[in-house]
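Here is how the chains run, residue by residue.
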Amino acid sequence: MSNASEPIHFLLVDDLEENLLALEALLRRDGLSFLRARSGEQALELLLQHEVALALLDVQMPGMDGFELAEFMRGNVRTRHVPIIFVTAGSADVQRRFRGYEAGAVDFIQKPIEPDILRGKANVFFELHQQRRALSDAAEQLESEVRKRTSELEHTLARLQSEIVERERAEASLRQSQKMEAVGQLTGGIAHDFNNMLTGIIGSLDLVRRKIAAGRVDEIDRYIDAASTSASRAASLTHRLLAFSRRQSLDPRPLDLNDLVRSMSPLVEHALPEQIELVLAYGTDLPHALADANQLENAVLNLALNARDAMPGGGRLTIETSVVDIDAAQGATRGGLPVGRFVMVAVSDTGTGIPADVLEKVFDPFFTTKPQGQGTGLGLSMVYGFAQQSGGAVRIHSQPDLGTSVKLYLPTTSARPVVSPAAPAVSPRGGGQRVLIVEDDQAVRMLVCEVLRELAYEAIEISDPTTALPLLASDERIDLMVSDIGMPGINGRDLANAARLHRPDLPILFITGYAEQATQRGEFLGENMSMITKPFSLETLAVTIGEMIGEAR
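None of these values were measured; they are calculated from a predicted model.

Participant: Residues and numbers for the pairing of strand 4 (residues 84-88), please.
Facilitator: Where burial is concerned, most of strand 4 is hidden: 5 out of the 5 residues are buried. When strand 3 (residues 54-57) meets strand 4, the two strands line up parallel, connected through 3 bridges. Bridge assignment links Leu57 to a residue of strand 4, and that residue is Phe86. Handedness of the crossover joining strand 3 and strand 4 through helix 3 (residues 66-75): right-handed. Inspection of the sheet shows strand 4 paired to strand 5 (residues 107-110) by 4 bridges, in the parallel sense.

Participant: Please provide a residue-by-residue account of the sheet that holds strand 5, values included.
Facilitator: Either a parallel or an antiparallel arrangement is found when strands of a sheet pair, and the pairing is made through backbone hydrogen bonds. An order of 2-1-3-4-5 is seen for the 5 strands of this open sheet, with the pairing classed as parallel. Each end of this open sheet is capped by a strand with a single partner; those strands are strand 2 (32-37) and strand 5. Ignoring which end each strand starts from, the neighbouring axes of this sheet average 20 degrees apart. Contacts between helix 1 (residues 17-27) and the sheet are confined to strand 1 (8-13), strand 2 and strand 3, with strand 2 contributing the most and set at about 170 degrees to the helix. On top of the sheet, helix 3 reaches strand 1, strand 3, strand 4 and strand 5; it is set at about 175 degrees to strand 4, its chief contact.

Participant: Explain the side chain of Ser483 to me, using residue names and the numbers behind them.
Facilitator: By secondary structure assignment, the location of Ser483 is in strand 15 (residues 480-484). Residue class for Ser483 comes out buried when judged on its relative accessible area of 0%.

Participant: Would you mind going over the sheet that holds strand 13 (residues 434-438) in detail, with residue names and values included?
Facilitator: Pairing is parallel across the open sheet formed by 5 strands, whose spatial order is 14-13-15-16-17. Strand pairing shows two members of the sheet lacking a second neighbour, strand 14 (458-462) and strand 17 (529-533), which therefore form its edges. The mean angle between the axes of side-by-side strands here comes to 20 degrees, regardless of whether they run parallel or antiparallel. Bridge count for strand 15 against strand 16 (residues 508-512) is 4 bridges, and the pairing is parallel. Each bridged residue has a counterpart across the sheet, and for Met481 the counterpart in strand 16 is Ile508. Taken strand by strand, helix 15 (residues 492-502) contacts strand 13, strand 15, strand 16 and strand 17, and its axis lies near 155 degrees from that of strand 15.

Participant: Help me get a handle on the pairing of strand 13, residues and values and all.
Facilitator: For strand 13, a buried count of 5 out of 5 residues is recorded, marking the element as mostly surrounded by other parts of the structure. Because side chains alternate across strand 13, one face comprises the buried residues Arg434, Leu436 and Val438, and the other comprises Val435 and Ile437, equally buried. Across 5 bridges, strand 13 lies against strand 14 in parallel orientation. Within strand 14, the position partnered with Ile437 by the bridge is Glu461. Two strands pair when backbone bridges link them, and strand 13 and strand 15 are joined in this way by 4 bridges, in the parallel orientation. Bridge pairing in strand 15 places Val435 opposite Leu480.

Participant: Break down the packing of helix 8 (residues 257-271) against helix 9 (residues 293-309) for me, citing the residues and quoting the values.
Facilitator: It is at 10 Å that the axes of helix 8 and helix 9 come closest, and there the two elements cross at 40 degrees. Classified by the angle their axes make, helix 8 and helix 9 are oblique. As for how helix 8 packs across helix 9, the hand of that crossing is right-handed. Side by side, helix 8 and helix 9 meet where Leu257, Leu260, Ser263, Met264, Leu267, Val268 and Ala271 of the first sit next to Ala293, Leu296, Glu297, Val300, Leu301, Ala304, Leu305 and Arg308 of the second. A class-by-class count of the residues in the contact of helix 8 with helix 9 yields 12 nonpolar, 1 polar and 2 charged.

Participant: Could you give an account of the packing of aromatic side chains, with specific residues and numbers?
Facilitator: This structure, assessed with the given rule, holds 4 aromatic pairs. Taken together, a centroid distance of 6.5 Å and an interplanar angle of 80 degrees make the contact between Phe10 and Phe34 edge-to-face. Here the residue Phe10 occupies a position in strand 1, and Phe34 occupies one in strand 2, the gap between them amounting to 24 residues. Residue Phe34 is classed as buried on the basis of its relative accessible area, which comes to 15%. Here Phe342 and Tyr409 contribute two aromatic rings whose centre-to-centre distance is 6.4 Å and whose plane-to-plane angle is 85 degrees, an arrangement assigned as edge-to-face. Here the residue Phe342 occupies a position in strand 10 (residues 340-349), and Tyr409 occupies one in strand 12 (residues 403-413), the gap between them amounting to 67 residues. Here the aromatic cluster, defined as three or more aromatic residues joined through ring pairs, consists of Phe67, Phe86 and Phe108. Just above the ring of Tyr282 sits the side chain of Arg262; from NZ or CZ to the centre is 4.5 Å.

Participant: So what's going on with the packing of helix 1 against helix 5 (residues 115-156)? Residues and values would help.
Facilitator: The axes of two packed helices give the description: the angle between them and the distance between them. Taken N-terminus to C-terminus, the directions of helix 1 and helix 5 make an angle of 70 degrees; their axes are 9 Å apart at the nearest point. Between helix 1 and helix 5, the angle falls in the class roughly perpendicular. Contacts from Leu23, Leu26 and Leu27 in helix 1 reach Pro115, Leu118, Arg119 and Ala122 in helix 5. Of the residues assigned to the contact of helix 1 with helix 5, the class counts are 6 nonpolar, no polar and 1 charged.

Participant: Tell me about helix 1, residues and numbers included.
Facilitator: Each α-helix turn comprises 3.6 residues. Residues three or four places apart therefore point the same way. Along helix 1, the residues that are buried comprise Leu20, Leu23, Glu24 and Leu27. Buried residues of helix 1 fall within an arc of 100 degrees about the axis and therefore sit on the same side. The elements touched by buried residues of helix 1 are strand 1, strand 2, strand 3 and helix 5.

Participant: Which residues make up the pattern of salt bridges, and what values do they have?
Facilitator: Here the structure, examined in full by the defined rule, presents 16 salt bridges. Glu17 is paired through a salt bridge with Arg38; the nearest N and O atoms lie 3.5 Å apart. Remark: Arg38 occurs in the loop between strand 2 and helix 2 (40-49) and Glu17 occurs in helix 1; sequence separation between them is 21 residues. Note that Lys121 is salt-bridged to Asp107, the shortest N-O span being 2.6 Å. Of this pair, Lys121 sits in helix 5 while Asp107 sits in strand 5; the two residues are 14 residues apart in sequence, bridging distant segments of the chain. Connected through shared salt-bridge partners, Glu17, Glu24, Arg28, Arg36 and Arg38 make up one network.

Participant: Explain the side chain of Asp479 to me, and be specific about the residues and the numbers.
Facilitator: Secondary-structure assignment places Asp479 in the loop between helix 14 (465-473) and strand 15. The class for Asp479 is buried, based on a relative accessible area of 19%. A polar contact is formed between the side chain of Asp479 and the backbone nitrogen of Arg434, at a distance of 2.8 Å. At a separation of 2.9 Å, a polar atom in the side chain of Asp479 contacts the side chain of Arg477. Non-local contacts of Asp479, meaning those with residues more than four positions away in its chain, are made with Gln433, Arg434, Leu506 and Pro507.

What counts, and at which threshold
- Residues numbered from 1 in each chain as written.
- Predicted model: local features only at pLDDT ≥ 70, side-chain atom pairs only at ≥ 80, totals over all residues.
- Heavy atoms only, no water.
- Buried < 20%, exposed > 50% of the residue type's maximum accessible area, 1.4 Å probe, protein only.
- Helix = DSSP H or I, 4+ residues; strand = E, 2+ residues; numbered from the N terminus.
- Pairing = 2+ DSSP bridges.
- Right-handed = clockwise from strand over helix to strand, strands pointing away.
- Axes fitted to C-alpha atoms, helices over the stretch in contact; angles between N-to-C directions.
- Contact = heavy atoms within 4.5 Å.
- Parallel < 35°, antiparallel > 145°, perpendicular 65-115°, else oblique.
- Left-handed = near helix turned anticlockwise from the far one by under 90°.
- Nonpolar A, V, L, I, M, F, W, Y, C, P; charged D, E, K, R; others polar.
- Phe/Tyr/Trp six-rings, centres within 6.5 Å; stacked < 30°, edge-to-face > 60°.
- Lys NZ or Arg CZ within 6 Å of the ring centre and 35° of its normal.
- Arc of directions from axis to C-beta.
- Salt bridge = Lys/Arg side-chain N within 4 Å of Asp/Glu carboxyl O.
- Polar contact = N/O pair within 3.5 Å; in protein donor to acceptor, adjacent residues only side chain to side chain.

Right, dumping it as structure tokens:
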């Protein structure tokens with residue numbers, strides 16, 4: 001139905017009635033109707049009830065001010081496209097204007113108002129809305145014609161039903177195609193990077209074999225180094241993928257966010273060129289964050305490096321910490337942030353900024369604007385996954401040529417950080433202690449057993465976890481159990497529970513490539529249990545085993 005005869009609505013928001021009347025008098029014209037609100041809350045009700053062509057907002061109002069109202073409008077699907085003009089008698093400094101434009105305003109008019117200027121600007125949006133209605137009417141008319149034509153065809157085309165079925169099949173195929181396109185982007189990125197790394201590993205090992213066969217063993221070190229480097233890059237990519245999918249193994253502990261930023265600032269500063277200034281702004285009286293310190297450092301460093309790359313000509317990089325309380329209303333206006341108290345670390349730059357069409361994709365895996373070979377496209381997706389898995393969130397704000405700010409919100413805790421005393425040096429060598437290895441992968445089991453035997457431990461190999469149960473229930477001496485988590489039949493955690501029924505003090509070391517139930521270490525591990533993730537260095541394995549057996553003595 002045509003809506004051309006209906007009046008066009010302007011929303012006027014000001015806490016003073018006389019200001020509303022003055023604006024209405026200035027803007028009155030045929031075909032224009034006014035919705036008046038004395039508060040931000042009243043304005044929201046009107047916005048949800050009416051179609052609005054333009055919102056003129058006062059900035060300074062009790063309760064919800066103009067900036068907060070604008071942020072809410074931009075975060076709501078129904079109102080995000082409503083043009084906003086701020087009309088204020090307050091200060092017109094650059095910072096306030098920038099906040100207004102950041103909140104989504106199209107203009108900023110200072111009181112006292114010049115009537116011709118205000119009318120001219122308002123008329124633009126009046127006419128624009130008229131044109132939009134005309135286009136809508138044309139679309140409705142076209143749709144009506146299509147319906148009419150379809151109705152006529154229903155009487156003459158006997159195959160219409162089969163065509164409808166075919167259309168539904170095509171739509172289902174399109175949805176599946178879109179899903180596969182997303183999966184294809186992900187798997188294509190993985191395949192590209194892993195194939196490069198596997199080429200480095202396989203090619204280097206092949207050259208090592210050839211050099212040994214030729215008796216030229218003095219030349220193999222660099223090929224071994226190349227294979228090791230490629231393998232480490234593959235392990236790093238796997239960790240990034242797990243972080244993106246919120247499946248990495250985290251060890252959240254209470255931590256002082258200011259201390260963490262302060263400790264890593266020399267590393268950040270070292271990575272910056274001289275023409276970029278590093279500014280650290282520490283919040284006061286911050287509660288402790290509950291997060292994995294290592295992963296948080298990686299996230300902040302990743303954001304800092306992205307900021308550096310966005311300022312090729314120099315600029316200012318700011319790392320800021322603060323505490324933020326998010327209620328339901330604020331959560332709605334800030335892109336659906338979770339409700340609660342959070343500590344926030346923001347990494348901001350004065351660089352090139354990000355266009356709106358690109359901003360929507362920055363958290364997608366393997367999406368990057370950097371030249372080929374200069375970025376994996378997993379940095380921001382990893383930060384996003386880490387924040388979500390930690391019970392927090394990440395938000396990004398950017399404007400082309402003005403810069404970008406990425407804010408990482410983390411949950412708080414009343415617990416205090418535990419300062420562990422420096423552990424005494426542990427000798428990785430054993431003294432004949434018996435270690436049970438339960439691992440279904442033959443290559444991993446072989447490597448672990450070989451390391452244990454070289455370090456003077458007695459290794460007991462078991463590939464099937466069910467066959468370990470009688471041994472664990474017996475009186476045979478076992479000083480440590482090393483177990484994979486994801487195994488057929490009985491998983492590693494269930495095997496550990498069965499072992500503890502007969503051996504309550506048995507130290508247990510889990511080794512895992514990925515286990516969904518072990519993504520939160522504090523919840524997964526019991527007393528006298530530890531975990532290392534695959535791939536691990538043999539030195540890390542040796543030291544960890546030495547520590548656990550040493551503590552059990």
